[in-house]
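Residue strings, one per chain:
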Amino acid sequence: MGIYRTHLKTMDATHIRKDFPILSRKIYDKYPLVYLDNGATTQKPLCVLDAMREEYLNVNANVHRGVHYLSQQATDLHEAARERVRSFINAASTREIVFTRGTTESMNLVASSFTEAYMKEGDEVIISTMEHHSNIVPWQLQAQRKGIVVKVIPMSDDGILDLEAYEKLFTDRTRLVSVAHVSNVLGTVNPVKQIIETAHSHGVPCLVDGAQSTPHMRIDVQELDCDFFAFSGHKMYGPTGIGVLYGKEKFLEEMPPYQGGGEMIGTVTFEHTTWADLPFKFEAGTPDYVATHGLARAIDYMEAIGMDNIEAHERELTRYALEQMQTIPGMRIFGPLDPSRRDAVISFLVGDIHHLDLGTLLDRLGIAVRTGHHCAEPLMHRLGIQGTVRASLALYNTKEEIDQLVSGIRRVSQMF
């Protein structure tokens, strides 16, 4: 299970980094890796990799309905992972935990099945200006197919949603609110509890995109009272290709299946099919049962550190990064500058340097950042830019790496 059990409570990044061998490699055989692209995907600790390798070596068999020993063992691990996720986000029941391929599939599942169950032409969904494409395009597809209307919460220039304008968007045709908990570009931590309460006051359920919040802060879906919540394993030190959709049982029971096939059926004849019980109704085909086990181990890893410790460490890193980066001439940081209003994501431009040039040259110094529109083109249009450079932080990052980033930006700036 790695060395994490003995030291992570101290939140000592020097020791934590030993669980992530990739962080010690050299880039271009010259520079130590400074990995600041965690908003796209995090690195994986040895305990996650070891757990997945162990299952493939010793417990590899398709889950559910198998009567043989390996199948039963694999099923036990898979369903134990579901319970681990339930506990992690404090859902009321494992019936409310649907495994998907990631946040994007979770959002598409809700857009498809919720629209089919509850919406007709002219009905409305409310999203926000700062949404990822995975919370825009699925609703546009439904607008094309079923004639629903997409309405957008505006935001201020410093990346704060206008909640007064939000309140005014509701009509008797509003059927769902779907918003990001944390912006993957601006780092803005949206007041989702207030957003949910407003929606509920109008009798409207709320879907929360938790891709950028779940790795960084404690999530309690019952305390939030959200109706749906989506997140991805690969952004929280788990494997790629696995994600979660939490949904209140009431809605999941009433919504039709997203896909058809094996596993999600009760009975099948050529004339008629019935659906399996929750959550299997939404899990057609063979699940990635090894990845669910890896996700459970990633949750173990994070909780061994303590979510409060992770949040405190990353907030301090974010505060330090904002402070240091603002000393660079020509620096333009997008989103709120108040560290208490943002998460561990900082998007920026420097002078007239194109974001791609800046990111490419930082890479030559071993500093991994992301450039472009970050799957949020409407937000870029709102900001009047084509793209940004984005540095996103994780529990293994250090102030020394922030210093290297700042030094690298200064060095690139001098070239221009």
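Right above here is the structure, for reference.
Cut-offs applied
Residues numbered from 1 in each chain as written. Predicted model: local features only at pLDDT ≥ 70, side-chain atom pairs only at ≥ 80, totals over all residues. Heavy atoms only, no water. Pairing = 2+ DSSP bridges. Helix = DSSP H or I, 4+ residues; strand = E, 2+ residues; numbered from the N terminus. Axes fitted to C-alpha atoms, helices over the stretch in contact; angles between N-to-C directions. Contact = heavy atoms within 4.5 Å. Buried < 20%, exposed > 50% of the residue type's maximum accessible area, 1.4 Å probe, protein only. Core = buried A, V, L, I, M, F, W, Y, C linked by side-chain atoms within 4.5 Å. Salt bridge = Lys/Arg side-chain N within 4 Å of Asp/Glu carboxyl O. Patch = residues over 30% accessible without salt bridge, like charges linked within 9 Å, V, L, I, M, F, W, Y side chains within 5 Å. Areas by Shrake-Rupley, 256 points an atom, 1.4 Å probe, with all protein chains shown as cover. Disulfide = S-S within 2.5 Å.

With that out of the way, let us pick up the sheet that holds strand 13 (residues 331–334). An order of 13-14-17-16 is seen for the 4 strands of this open sheet, with the pairing classed as antiparallel. The sheet terminates laterally at strand 13 and strand 16 (370–372), the two strands that pair on one side only. With strand direction ignored, the average angle separating the axes of adjacent strands in the sheet is 30 degrees. Of the pairings in the sheet, the one linking strand 13 to strand 14 (residues 345–350) comprises 4 bridges and is antiparallel in character. The residue bridging Phe334 from the neighbouring strand is Ser347, located in strand 14. Across the face of the sheet, helix 12 (residues 307–325) comes into contact with strand 13 and strand 14 while running at roughly 10 degrees to strand 14.

Negative phi characterises most residues that are not glycine, and trans characterises most peptide bonds. Between Leu278 and the following residue, Pro279, the backbone shows a cis peptide bond with an omega angle of 0 degrees. With respect to the secondary-structure elements, Pro279 resides in the loop between strand 12 (273–275) and helix 11 (289–305). Positive phi, normally seen in glycine, also occurs at Tyr237, with a value near 70 degrees. Assignment of secondary structure puts Tyr237 in the loop between strand 9 (228–232) and strand 10 (243–247). In this structure Tyr237 comes out as buried when scored by relative accessible area, which is 0%. Look at His374: it is not a glycine, yet its phi comes out positive at around 55 degrees.

Time to look at the sheet that holds strand 6 (residues 149–153). What the 7 strands build is an open sheet, ordered 4-10-9-8-7-5-6; its pairing is mixed. If you trace the sheet from one side to the other, it starts and ends with strand 4 (97–100) and strand 6, each paired once. Taken pair by pair, the neighbouring strands of this sheet meet at an average axis angle of 20 degrees, ignoring direction. Where strand 5 (residues 124–128) lies against strand 6, 5 bridges are found, and the strand directions are parallel. Residue pairing in the sheet places Val125 in a bridge with Val150 of strand 6.

Turning next to the pairing of strand 9. Here strand 9 lies mainly inside the structure; 5 of its 5 residues are buried. Of the two faces of strand 9, the one lined by Phe228, Ala230 and Ser232 and the one lined by Phe229 and Phe231 are each fully buried. Pairing geometry for strand 8 (residues 206–209) and strand 9, over 3 bridges, is parallel. By the bridge assignment, Val208 is partnered in strand 9 with Phe229. Two elements, strand 9 and strand 10, share 5 bridges in a ladder whose sense is antiparallel.

Among the nonpolar cores identified, the biggest contains 74 residues, and Ile89, Val177, Phe229, Leu395 and Tyr396 are the most heavily contacted of them. For this core, the element with the most residues is helix 11, which contributes 10 residues. Setting aside residues up to four positions removed in sequence, Val177 forms contacts with Ile126, Tyr166, Phe170, Ile195, Ala199, Val204, Pro205, Cys206 and Leu207. The next biggest cluster of nonpolar side chains, apart from the first, holds 29 residues, and it includes Tyr31, Val350, Ile367 and Val369.

Here the focus is the pattern of salt bridges. Applying the stated criterion to the full structure yields 28 salt bridges. Residues Arg390 and Asp37 are paired through a salt bridge, measuring 3.8 Å at the closest nitrogen-oxygen approach. One end of the pair, Arg390, is in strand 17 (residues 388–392); the other, Asp37, is in the loop between strand 3 (34–35) and helix 3 (46–58), and 353 residues separate them in sequence. Just as Arg390 is buried, Asp37 falls in that class too. In this structure, Arg315 and Glu311 form a salt bridge, with 3.2 Å as the shortest nitrogen-oxygen distance. On the criterion of helical spacing, the pair formed by Arg315 and Glu311 is a turn pair, its members being 4 residues apart in helix 12. Salt bridges sharing partners connect three or more residues here, namely Arg84, Arg297, Asp300 and Glu303.

So, on to a nonpolar patch on the surface. Together, Ile265, Val268 and Trp275 make up an exposed nonpolar region whose accessible area comes to about 270 Å². Along the chain, Val268 turns up in strand 11 (residues 265–268).

Once that is clear, we can look at the state of the cysteines. For the structure on display, the rule yields 0 disulfides. This cysteine, Cys206, is not joined by any disulfide, and Cys226 carries the nearest cysteine sulfur, 7.5 Å off. Among the residues examined, Cys206 registers a relative accessible area of 0% and is labelled buried.

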